[in-house]
Every structure is written in C-alpha cells, then in structure tokens.
Amino acid sequence: MIAKLFEFRLKGLVFLALVVFALPLFISNPFHYSLATQIALIAGAVVGLNLLVGFAGQISLGHAGFFGLGAYFSAIMTGHYDWSAVPALIVGAIGVGIIAWVVGRPILRLKGHYLSMATLAVGFIIAIILNNEREMTGGPDGMPVPAFDVFGWELSPFGQYSLFGLDISGDLAWYLFAGVVLLVAVWLAQNLIDSPIGRALRSVHGSEVAASVVGVNTTKYKSLVFVISAVYASVMGALYAHFQGFITPAVAGFEFSILLITMVVLGGMGSTIGVIIGAVVLELLPQVLADFQEFEMMLFGLILMLTMIFMPKGLLPTAANVLAKRRAKSAGADA
Amino acid sequence: MTALVEVNNLFKVFGGVNAVEGVSFAVDAGQVYSVIGPNGAGKTTLFNLITGLYTPTGGDVKLNGESIAKLEPSRLAERGMCRTFQQMQICMNMTAIENVMLGRHLTLKSNLLTTLFRLPALTRGEQAAHAKSAELMAFVGCGEYINAEASAMPYGALKRLEIARALAAEPKIILLDEPAAGLNAVETTALEALIRKIAEQGITVMLVEHDMKLVMNISDRLLVLNYGRVLAEGSPEQIRANPDVIAAYLGG
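## As for the sheet that holds strand S8 (residues 204–208) of chain B
Residues and elements named next belong to chain B.
Now for step 1: Ordered in space as S6-S7-S8-S3-S9-S10, the six strands form an open sheet in which the pairing is mixed. The two strands at the open ends of the sheet, each matched to only one other strand, are strand S6 (81–83) and strand S10 (229–234). In this sheet, neighbouring strand axes are inclined to one another by 15° on average, regardless of whether the strands run parallel or antiparallel.
Now for step 2: Here helix H1 (residues 43–50) sits on the sheet and contacts strand S3 (32–36), S6, strand S7 (173–177), S8 and strand S9 (221–226); the angle it forms with S7, its principal contact strand, is near 150°.

## Considerations on the environment of Gly270(A)
Residues and elements named next belong to chain A.
Now for step 1: With respect to the helices and strands, the residue Gly 270 is situated in the loop between helix H12 (254–267) and helix H13 (272–288).
Now for step 2: In this structure Gly 270 comes out as buried when scored by C-beta crowding, with 21 C-beta atoms within 10 Å.
Now for step 3: Put simply, Gly 270 and Phe 55 are 215 residues apart on the chain and 5.1 Å apart in space, counted from C-alpha to C-alpha.
Now for step 4: The contacts of Gly 270, once residues within four sequence positions are left out, are Gly 54 and Phe 55.

## Regarding the domain arrangement of chain B
Residues and elements named next belong to chain B.
Now for step 1: Taken as a whole, chain B is organised into domain 1 (1–80 + 173–191 + 205–252) and domain 2 (90–170).
Now for step 2: A separation of 28 Å is found between the C-alpha centroids of domain 1 and domain 2.
Now for step 3: At the interface, nine residues of domain 1 touch nine residues of domain 2.
Now for step 4: Secondary structure elements with two or more residues in the side of domain 1 that touches domain 2: helix H2 (73–78), S7 and helix H7 (185–200).
Now for step 5: Taken together, the residues that form the side of domain 1 that touches domain 2 break down as six nonpolar, one polar and two charged.

## Digging into the interface of chain A and chain B
Now for step 1: Opposite the 22 residues of chain A that make contact, chain B presents 29 residues.
Now for step 2: Looking at the side of chain A that touches chain B, the elements that each hand over two or more residues are helix H8 (170–193), helix H9 (196–206) and helix H10 (208–213) of chain A.
Now for step 3: Here the side of chain A that touches chain B gets eight residues from one element, more than from any other, and that element is H9(A).

## Some details on the nonpolar core
Now for step 1: Among the nonpolar cores identified, the biggest contains 172 residues, and Val46(A), Met236(A), Leu260(A), Val264(A), Ala164(B) and Ile174(B) are the most heavily contacted of them.
Now for step 2: Sort the elements by how many residues they give to this core and helix H11 (residues 218–244) of chain A lands first, with 17 residues.
Now for step 3: A domain split of this core shows at least three residues from each of domain 1 (1–80 + 173–191 + 205–252) and domain 2 (90–170) of chain B.

## Here we look at the environment of Asn184(B)
Now for step 1: With respect to the element layout, Asn184(B) can be found in the loop between S7 and H7.
Now for step 2: A count of 10 C-beta atoms within 10 Å places Asn184(B) in the exposed class.

## Topic: the packing of helix H3 (residues 30–55) of chain A against H13(A)
Residue and element names in this part refer to chain A.
Now for step 1: At a minimum axis separation of 8 Å, H3 and H13 run at an interaxial angle of 135°. Classified by the angle their axes make, H3 and H13 are oblique. The way H3 lies across H13 gives a crossing that is right-handed. Residues Leu 35, Gln 38, Ile 39, Ile 42, Ala 43, Val 46, Val 47, Asn 50 and Gly 54 of H3 form the contact with H13, whose participating residues are Thr 272, Val 275, Ile 276, Gly 278, Ala 279, Val 280, Glu 283 and Gln 287.
Now for step 2: By residue class, the composition of the contact of H3 with H13 is ten nonpolar, six polar and one charged.

Calculation rules
Residues numbered from 1 in each chain as written. Chains lettered and ligands numbered in written order. Predicted model: local features only at pLDDT ≥ 70, side-chain atom pairs only at ≥ 80, totals over all residues. Pairing = 2+ DSSP bridges. Helix = DSSP H or I, 4+ residues; strand = E, 2+ residues; numbered from the N terminus. Axes fitted to C-alpha atoms, helices over the stretch in contact; angles between N-to-C directions. Contact = placed C-beta atoms within 7 Å. Buried ≥ 20, exposed ≤ 12 C-beta atoms within 10 Å, placed from the backbone. Domains from an automatic or database assignment. Nonpolar A, V, L, I, M, F, W, Y, C, P; charged D, E, K, R; others polar. Core = buried A, V, L, I, M, F, W, Y, C linked by C-beta atoms within 7 Å. Parallel < 35°, antiparallel > 145°, perpendicular 65-115°, else oblique. Left-handed = near helix turned anticlockwise from the far one by under 90°.

And the structure:
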C-alpha cells in the first residue's frame, strides 16, 4: 500500500495536501497564518516559473513583472472601477497571457544570457510603468486593494466565517483558500508535465535539435510555456494583492524576480514539490534573520551561488538522491 | 516515377568556403542510399541541408516533388523525414522511453484542455505511445533499458535509442549520420541487420558512414563527395571500380 503510494504519479500532491491541511493543527497565531498564506501564493507563482525554467530550460529574470501586472490589474479594476474580484482576476490573467505571448515571440528566439537580459528588461519596464502611472497605481507609494469577493461574498483576513458548522477566523479561511489554490496549481502543472506537451517542453531543455527533427515546433512550445508561467504569476499576483490589501510596485520589482528564480534554483529545477520547499525556505529565512535585513539580497545571492556550486539539482532532488544512495548502500550491506 | 528525394545543384557557402558545391542526386523510395567521402567532404553539411537545419545558399531539395529547402526541421518531420545525428542528440533530462515517446509527438494530437485536466483521451494516447515506444526499443535492440534514465545508458544503446526515436515518428525516409561511429565490430554487425530490417519495412534509408564494409554491404546506391563536390555516384560495384574514388581515398 505504502509502496504503491511511492509509485503514484501525484505522490507529491498528496504529500503537499497533507502538509497544507495539517498545518492549522500546529499554528494558530494570525501572523503565522498570514505568513503561510503569503508563502502559498508565492509558491504558486514559483510552480509556474518552474515550468518555464526547470522544465523548458528558458530563464526569466523578470517574472515579478507578470506577478505585479496581475496584482495591479486586479487592484485597479476592483478599486477604481468596482469590478468584482473574480472577473478582474480572469481578465487580468488573459491580458497578461496576451502580453507574455506578444513579448515572448521575439525574445524567446534569444538564448542563454541574451534571453536573461531581455526578460530582465521586460520586468524593469513593467516596474517603471507601475511606478510612473501615479493616477492609476499610486506610484511608489502603492495603493490599497479591496477584499477578495466571490459572488458578493467577501473573503477578508479580518472576517469571521463558518465552514461545515465550524467557526473559522478570516486568517485561517484565507490560508485554506490559498492552500487549495496552490494544490490546484500543482495539480495542473503536474498534468501538464506528464503529457505530450510536457515532454515537448522538456525536450526543448534536453536537446532543441532533437525536438525539432521529430516535429516539435520549439518556438511554439517556448511561447506556450512562457505564457502559461506568466498566467500563473498573474493569478497569484492578483490573489496576493487582495490578501495583502495594499501593494507597492515592489511586487513587480527586480529583487522579487530574483527571489522567485532563487526559489526555483534552491528548491530544485524541474521538481514541482522541490520549488515549493524553495519558496518556504526563502520566505521563512528573513523571519529568522530579521536582524540582518540589510544583508537580505546579499544572502539570497550567496544562497544562489552555493546552490549552483554544491547542489546544482536543488534541495529536494539532491536529498532524494542521497536517500536513494543510502538505501542502496544499506541494502548492499544486508546482502 | 519521381524520386522520393531530389537534390538539385545544391550549394552551401560558409564564409567564402564552398562546403557543398553544386551537388545533385536523386534517391528512389525504398533504397538504402549512402553518402561517403573523406573527412570534411561535406557529408554532414549535406544532411543538414536536406533536413532543414541549414538553409542552402543555392539550389533546391525536393521531397516527393515538393521543395523543402526553406522549411524548418519540424515541418519536415510532418512530411515524413526524420534523422539521427553524428553528435548524438538525446534528451538527458528524460528517461529512455520518454525519448522515444517524444518521437510520437506528431501522432499525439493533444490540446491544452485535455492536458491540464488529464482527460481520458490523453491517458489513452499516452498508453498507446508508451506501448509503441517499448516495441520500437525492442526492435532496435535496447529493450532492456525501458525504465532507465537516458543519462545512465551506455553509448551503443543511446545510438540505437536515437534510431528508435526517429522511427517512432513513422518516417518515410530516415537519415542516419554515422550510426556506426564508435561502435565495436559486434555492434556494427547488429547495426547492419537493423538497417536491413528498417529498409525491409519500406522506409527509405540515407546513410553517412565511414565503415566501408558496412556501406558496401547494405547500400543500393552510393554518392561519393570530395571537397563538397560529387566525385562519383552509382552502385557499390561501380563505386568500387571507379578510379577517381580510389585516388581520393588512397591519395594516389
């Protein structure tokens, strides 16, 4: 039974669901819920980025730009135009998808450092626009975002709700909502990877020439995954904005882009659960090291470097490897 | 009857050097057609031109009477042309069988919706692709590596795996670029049998190869290149007796 579970295609998802739903048994502090919600939403964006970076092998150093676009689109539509949150989120995601497609077509022809530079520039442009369109975005001072609502029903971290006869606080409700969103994000990503499209994406990473001679239109697949990862970022950005209730252009900033990519690299490129662990570690780290806040970026840089040097496959795949080797060794010793 | 592949006065110039210079020949369906010549003769360049990796400087390549000189490699796969590489192109981030299943790409019609929600149609297609790929791995003789990571496979098996991937695309013509390079005598004999089996299925085979024994054994026709030009073309007997070919190879 347990052995069968280890063979299961979605074992990571099952494991993640256990963690998500078990966590409220161990925490009750609103601050901890808030942190966990934030991590879940950012992890969702990282899962999307991993499709692009980990599986298709294309780098994006401007992904916070798409996260920020989704966040601001939702904030502006719900705040200035009284849209409901769900249509704002969906229209925003479609819009960001179209922008990613238009931008992606030309820049995905570039390879390696050139692609990094181009995506970096895209991120910068988005951040600059958000900073300068003061009337809409409030500029560098940021803007408030109304609470998330579904069909007139509002989800606020400060509310009180009842679910299946249980009283739950707004913090917990938001946490559970974000957790379910993350699980859906992981499920969709895993389905995408375990499919002909996923294989085509990984072949772009493995050997673009090989992919093309068996009929994979590599340009098309690179654009597709770029759009999908941008849509992931946009949706998570919109939810993040509603959850935080206030956003600044930092959500689209360069530092956040680097943080996202560091999460992917640290957790393990091409490992969906791994990158979530990366997100958890890098979101918790600043909490632990609150006294060294000025050195945060330096620390992230250091982590990125050390990961690349000592465990280029990332935390989870490296740990899995070590465990497998140990098991093989002890099996050998038994024999 | 028109030839399956028709090459007309093909040119490729790299910075003033004519890598391929006025090459013309035709390959009939069902043939094993080999391209030989000394190192640097332009054999791989010719293959790259035919399979769309390079765009010709001049001349034309026709597949089934249709010009393909300006098409992307992925479009050629749609028209039934597939190839392997001298420098093997295997996706080392995937398992062996996934590499072969990649070859089924064009036969698996999938859209984003069936993929994201993993609808039954997708699983069925995947199972069929898996079965077909396992069959092909057995056919080329690397069936024991079905569950292996590509990165854990030995060189000889990877060369076969690449052929299996090309066959998975159900090509009308397959181009093999030095399939015997790096293989020992036993493996080369097995490769010869494999190429015969492929040809027996009605798949046209084009071959670039240095192993003369292999080439002379299995080819219906040969093209000899030297410095980018056609030195001779004909049956193995004609080529063997051709004084120009002997001179080019022996430096006489």
